[in-house]
Amino acid sequence: MKRWLGRLAMLACIAAASNVLAVLAAPRLIHALVTHRITTQALAASGGAQSRTGDIAVHAPRADASARTVVRPSPDLLYTACVFDVSRRPLHITGPVPDSYASLSGFAANTDNFFALNDAAVTADASGRRRFDVVLARAPLAQLPPGARLVLSPTARGLVLFRTLIPDEATLPALLALQQQQACEPL
Amino acid sequence: MSPWGRRLAWAAAALAAAIGGALSARPAIQALAEHGAIRNGPWTTMAATGSAHANPYERAAVAVAGIYALSQDEAVYFTAFTDDSGTPLSGSCAYRVHGAPPAARWWSVTLYGADHFLVANDARIHSRHQGNLALDADGHFAIEVAAQPQGADAWLPAPAGAPFSLTLRLYNPAPALARDLAAAELPAIERSACR
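Cut-offs and rules
Within each chain, residue numbers correspond to sequence positions counted from 1 in written order. Chains and ligands are labelled by the order in which they are written, letters from A for the one and numbers from 1 for the other. Only residues with pLDDT of 70 or above have their local features reported here, since the model is predicted, and side-chain atom pairs are shown and tallied only from 80 upward, although totals for entire chains, interfaces and linings are computed over all residues. Excluded from the side-chain calculation are hydrogens and water; included are all heavy atoms of the structure. Burial classification: accessible surface area is computed with a 1.4 Å probe over protein chains only, and a residue below 20% of its type maximum counts as buried, one above 50% as exposed, and the rest as partly exposed. Strands are runs of DSSP state E lasting at least two residues, helices are runs of H or I lasting at least four, and both sets are numbered from the N terminus onward. Our working definition of a disulfide is a cysteine sulfur pair at a distance within 2.5 Å. A fitted line through C-alpha atoms serves as each axis, taken over the contacting stretch for helices, and the angle formed by two N-to-C directions is quoted from 0 to 180°. An angle below 35 degrees is read as roughly parallel, one above 145 as roughly antiparallel, one from 65 to 115 as roughly perpendicular, and any other as oblique. Contacts are assigned to residue pairs that have any heavy atoms within 4.5 Å of one another. Under the grouping applied here, Gly and all other residues not named as nonpolar or charged are polar, the nonpolar ones being Ala, Val, Leu, Ile, Met, Phe, Trp, Tyr, Cys and Pro and the charged ones Asp, Glu, Lys and Arg. For a helix, the expected span equals 1.5 Å multiplied by the number of residues minus one. Directions pointing from the helix axis toward each C-beta atom define the arc.

*Asks:* So what about helix α3 (residues 56-66) of chain B? Which residues, and what values?
*Replies:* Because the α-helix completes a turn every 3.6 residues, residues three or four places apart line up on one side. Residues and elements named next belong to chain B. Most of α3 is tucked away, with eight of its 11 residues classed as buried. Every buried residue of α3 is listed here: Tyr 57, Glu 58, Arg 59, Ala 60, Ala 61, Val 62, Ala 63 and Gly 66. Looking at the residues trailing α3, positive phi occurs at Tyr 68, about 65°.

What follows is the structure, encoded as structure tokens:
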């Protein structure tokens, strides 16, 4: 009897450990699936002209009922995603700041949002322009591009997301043009 | 049973336990995330969304139903699967979502199907937000959520006869709202008629 109870307890421990491992793995697996979809779509959209799938800005079309890349997208935002790997080289992220809400945010491989910077926090440079200008790296850097701010990523791989609000339909053409200027390049 | 038979049976039981544990992850994520959710009328949210302080079940729940959500410093996401009476939202009914504009720099109400994606409709309307909603004399807005347009309020198309949910996005929420999400003044969701 005692032996059977011991075995049942061991089976319960195996089930509990398996449950916790699946829960811990779920965000990373879902993130891997979504980034795979993003890079696949980017490659398809470039028609083979694009040589790399990571560390590059993917400008998503405005979300509608056909959008299936990421759950619960906002139809009132334009999204630009950069799937990054900063294990070897930092990533330089740039983009103009519109008059309405916009943000630049970073997500670790476990999907934690480790930084967010919105338009209100971006000041104008000497020429009066406002730009997102961030260098994403794993460790502090000796030198940064002029005007750029350093953000340290807790994981080598992850995702950077631009969100650009569409406050009204009349602004959409200008915001789509602005979206095309949102860029990610290895430094 | 021979010793080898017992070992085989034990290995099969251990494998079944491991598979059962893994398969129970999804309901466990949902149950524990709901247990830790903040409720405000029909709306629920998680204070730890996007945060490194989220527990593994909260993190997994966000990954399943709202991956890449911003942390509370930047945005707050409330989701409603029921109306004010606690009845699940359904495209068989019409609803009036109304109230004072939430205290945030920008806000919107978006409708999603049971699969967490936007719902196809001829009007191609998937959300209502502060930029396309009129306020009445009291400074309140009203949205008509239904499969077909009902009246004068702004229409947000629902899937006919199918379940759906609403997400209220608040970008740059007022500090007082973000401090006490359970007490924030949020829109009511009143069921008006069902077919």
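*Asks:* Hey, could you go over the state of the cysteines for me, with residue numbers and the actual values?
*Replies:* Residue and element names in this part refer to chain A. According to the stated counting rule, one finds two disulfides over all chains in the structure shown. A sulfur-sulfur separation of 1.8 Å characterises the disulfide bridge that pairs Cys 82 with Cys 184. Measuring handedness by torsion sign, the sulfur bridge of Cys 82 and Cys 184 sits at about 70° and is right-handed. One end of the pair, Cys 82, is in strand β2 (residues 77-85); the other, Cys 184, is in strand β9 (residues 183-186), with 102 residues separating them in the sequence.

*Asks:* Just give me the short version of the packing of helix α2 (residues 25-35) of chain B against α3(B), but keep the residues and values in it.
*Replies:* Angle between the axes and distance between the axes: these two values describe a pair of packed helices. Residues and elements named next belong to chain B. The contact between α2 and α3 brings their axes to 9 Å, and the two run at 105°. Between α2 and α3, the interaxial angle falls into the category roughly perpendicular. Contact residues: Arg 26, Ala 28, Ile 29, Leu 32 and Ala 33 in α2; Tyr 57, Ala 60, Ala 61 and Val 64 in α3. Residue composition of the contact of α2 with α3, by class: eight nonpolar, no polar and one charged.

*Asks:* Quick rundown of helix α1 (residues 3-23) of chain B? Include the residues and the values.
*Replies:* Residue and element names in this part refer to chain B. With 21 residues, α1 should reach 30 Å at 1.5 Å per residue; the first-to-last C-alpha distance of 30 Å fits that figure. Of the residues making up α1, those classed as buried are Ala 14, Ala 17 and Gly 21. Across the axial projection of α1, the buried residues extend over an arc of 60°, all falling on one side. With respect to the buried face of α1, the exposed residues turned more than 90 degrees away are Trp 4, Leu 8, Leu 15 and Leu 23.

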